[in-house]
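These are the residues of each chain, in order.
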Amino acid sequence: MSALKILFVSPEVEPFVKVGGLADMVGALPKELAQLGHEVRIVCPAYGSVKRVGEWRALAAPLGVDVGPVTQWARTWETVLPDTAVPVYFLENHDHFARPEVYTGPWGACDDNDRRFAFLCRGALALCQQLDWVPDVIHGHDWTTGLLPVMLNTTLRDTPLGRAATVFTIHNLEHQGYAPARVVDYARLPWGEFHRDGIEAGGMVNLLKAGLYHATKLTTVSPTYAREILTAEGGFGLEGVLRFRAGDLVGILNGIDADSWDPAHDRTLPANYSATDLRGKARCKAALQRHFQLEENPVVPLFGVVSRLVAQKGLDLLAEVLPAVMERMAIQLVLLGSGDGRLENTFTWAAQAYRGRCGAQIGFDGKLARLIQAGSDCFVMPSRAEPCGLTQMYAMRYGTLPLVRATGGLVDTVENFAEGQARGTGFVFHAPTAGALADTLGWVCATYYDRPQEFAGLQQRAMAQDFSWSRSAARYVDLYRWAVEARTGAPA
Ligand code: ADP
Ligand code: GLC
């Protein structure tokens with residue numbers, strides 16, 4: 001079968017710029033596709049905070065981007081995904097991207113997001129034209145790229161680029177990108193698209209909905225989430241559009257970059273280990289306890305959290321049960337995260353109140369995230385909703401048992417412990433309540449102290465799971481071919 005040309009357009013890509021798991025996905029899937037022989041390229045904005053990993057060179061010609069009444073200009077920086085030949089292009093433009101923030105302006109303002117991301121979409125397409133490179137498939141991610149399929153279906157439909165099929169991946173339906181109607185002119189779209197069965201919602205443009213209506217095929221990041229978003233509860237107002245497009249929507253479980261996230265070779269860890277020799281894990285636990293100034297005790301269950309502190313992640317439930325749990329159970333807990341100010345304060349307070357048993361670090365720290373994955377015994381993820389979730393997969397690979405709520409991708413990746421039956425890879429609870437979480441923390445604790453052999457069995461099974469991208473990448477290739485056929489009427 002012929003190799004495909006695939007363009008990824010994304011607001012985040014690891015290791016250059018990362019807010020959450022979207023960056024991990026966009027940093028890993030292209031690698032796997034390239035290994036399968038496909039030609040992949042990536043376009044991302046050059047935010048002020050982008051890390052200049054590897055060699056960067058500026059393309060000689062400036063890039064003209066037709067947005068608003070005039071042509072605006074970008075400088076294009078080219079580099080590659082580390083350890084691959086996959087080109088990554090960063091679009092530099094002072095007005096749109098010079099700031100460090102990815103999704104907002106200073107102080108959380110997002111009043112120019114419509115223009116910034118319309119510029120990204122038009123810019124990515126203009127770059128293809130400038131490079132004289134027509135992709136078979138353009139793969140956009142979340143609301144920031146929602147206008148891209150609309151552009152290809154309207155003003156660009158009768159140009160060579162108009163042949164490109166679009167695949168649009170929903171990473172999180174909670175973020176939809178509401179934009180003022182002025183973006184229609186700014187993105188140079190026909191006003192004929194501005195209606196309810198198109199890009200309009202409540203007098204504004206819903207950027208995510210635009211992508212959902214216009215993309216050739218839709219994906220989301222786990223099979224369970226693909227079902228949840230068709231319901232009134234999980235659809236966040238877009239369940240109607242999603243049901244309308246259900247025949248073109250598939251849930252493909254995210255993989256993990258198994259080279260990067262490998263306890264046997266992770267160079268950021270104080271010691272390496274594998275399922276057959278876990279001594280290095282004990283050293284990581286001691287290092288983690290030292291980092292947070294906890295009592296250095298190898299035989300106390302250590303619970304870890306690495307997360308954005310937002311409502312979706314359910315960490316308010318953990319905050320609620322924390323005092324009771326710390327009083328009643330002989331455990332330690334460490335947390336790394338940032339977001340909601342009240343949660344930041346609660347966990348900072350807990351670290352003071354239970355000094356020596358509880359630690360919290362507010363912020364983003366890739367190296368510490370890995371130490372927490374390696375050094376903890378249990379990784380806590382009480383998400384209210386979780387489209388896929390990557391951290392529970394990293395945890396299992398690092399021999400750290402996930403404690404998760406049964407939602408979205410957590411259902412598809414964690415098998416609940418069945419006591420006495422040598423089954424399961426973690427601990428699962430259902431009701432999104434503090435009580436259910438507290439009970440499950442107690443269950444982990446009892447298993448750790450009273451049935452260490454069963455705990456070790458869980459650990460072995462968790463570490464034996466294969467979450468690498470190989471299977472899911474093949475599914476994306478099938479989907480790309482299906483999209484090309486739908487777009488062009490001819491098999492890819
Ligand atoms: P989401 O994308 O919803 O945040 P995922 O589980 O898919 O959830 O991915 C989160 C990613 O972000 C993981 O790679 C995780 O390690 C990382 N991460 C989250 N918070 C932090 C933090 N405070 N410091 C470092 N890495 C973090
Ligand atoms: C989103 C989701 C998360 C998912 C990630 C990567 O950030 O919240 O569940 O793992 O995207 O697809």
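The present account deals with the structure reproduced in this document. In this text the structure is predicted, and so the values were computed from the model without any measurement.

**Notes on the environment of Ala431**
You can see Ala431 is positioned in the loop between strand 19 (427-429) and helix 15 (434-450). In this structure Ala431 comes out as partly exposed when scored by relative accessible area, which is 38%. Considered as a pair, Ala431 and Ala3 are 428 residues apart in the sequence and their alpha carbons are 46 Å apart. Residue contacts for Ala431: discarding those within four places in its chain leaves Arg405 and Ala436.

**Re the site of ligand 2**
Close to ligand 2 lie 13 residues, the nearest being His171, Asn254, Glu386, Cys388 and Gly389. Separating an oxygen atom of ligand 2 from a side-chain N or O atom of Glu386 is a distance of 2.5 Å. When isolated, ligand 2 has an accessible area of 310 Å², and the protein chains bury 93% of it. When grouped by side-chain class, the residues that make up the shell around ligand 2 number 5 nonpolar, 6 polar and 2 charged.

**Here we look at the sheet that holds strand 11 (residues 204-206)**
Sheet architecture is open: 3 strands sit in the order 9-11-10, paired in antiparallel fashion. Whereas interior strands pair on both sides, the edge strands pair on one side only; in this sheet they are strand 9 (178-179) and strand 10 (200-201). Sheet analysis places strand 10 next to strand 11, joined by 2 bridges and oriented antiparallel. The residue of strand 11 that forms the bridge with Glu200 is Val205. Those strands touched by helix 6 (residues 207-214) are strand 9, strand 10 and strand 11, and its axis lies near 55 degrees from that of strand 11.

**What about the nonpolar core?**
If you look at the biggest cluster of nonpolar residues, it comprises 93 residues, and the most contacted ones within it are Phe8, Val13, Leu29, Phe90, Leu147, Leu212 and Tyr480. A per-element tally of this core places helix 3 (residues 113-131) first, with 10 residues. In this view, Val13 contacts Ala23, Val26, Gly27, Ile42, Cys44, Leu81, Val88 and Phe90; residues no more than four positions away in its chain are not counted. One finds Phe303, Phe379, Tyr398 and Ala434 within the second-largest nonpolar core, a separate group that totals 72 residues.

**Quick word on the site of ligand 1**
In the region of ligand 1, 20 residues are neighbours, and Lys18, Gly21, Arg308, Lys313 and Gly363 sit closest. Between ligand 1 and Gly21 there is a distance of 2.6 Å, counted from an oxygen atom to a backbone nitrogen or oxygen. Gly363 is positioned with one of its backbone polar atoms (N or O) 2.8 Å from a nitrogen atom of ligand 1. Expressed as a share of its isolated accessible area of 560 Å², the protein-covered part of ligand 1 is 93%. Listed by contribution, the elements that provide at least two residues to the shell around ligand 1 are helix 1 (21-35), strand 14 (302-309), strand 15 (332-339), helix 12 (366-375) and helix 13 (391-397). No other element matches the 3 residues that strand 14 contributes to the shell around ligand 1. When grouped by side-chain class, the residues that make up the shell around ligand 1 number 6 nonpolar, 8 polar and 6 charged. Counting only domains with at least three residues in the shell around ligand 1, you end up with domain 1 (5-255 + 469-488) and domain 2 (279-463).

Cut-offs applied
Residues numbered from 1 in each chain as written. Chains lettered and ligands numbered in written order. Predicted model: local features only at pLDDT ≥ 70, side-chain atom pairs only at ≥ 80, totals over all residues. Heavy atoms only, no water. Helix = DSSP H or I, 4+ residues; strand = E, 2+ residues; numbered from the N terminus. Buried < 20%, exposed > 50% of the residue type's maximum accessible area, 1.4 Å probe, protein only. Contact = heavy atoms within 4.5 Å. Near = heavy atom within 4 Å. Polar contact = N/O pair within 3.5 Å; in protein donor to acceptor, adjacent residues only side chain to side chain. Areas by Shrake-Rupley, 256 points an atom, 1.4 Å probe, with all protein chains shown as cover. Nonpolar A, V, L, I, M, F, W, Y, C, P; charged D, E, K, R; others polar. Pairing = 2+ DSSP bridges. Axes fitted to C-alpha atoms, helices over the stretch in contact; angles between N-to-C directions. Core = buried A, V, L, I, M, F, W, Y, C linked by side-chain atoms within 4.5 Å. Domains from an automatic or database assignment.

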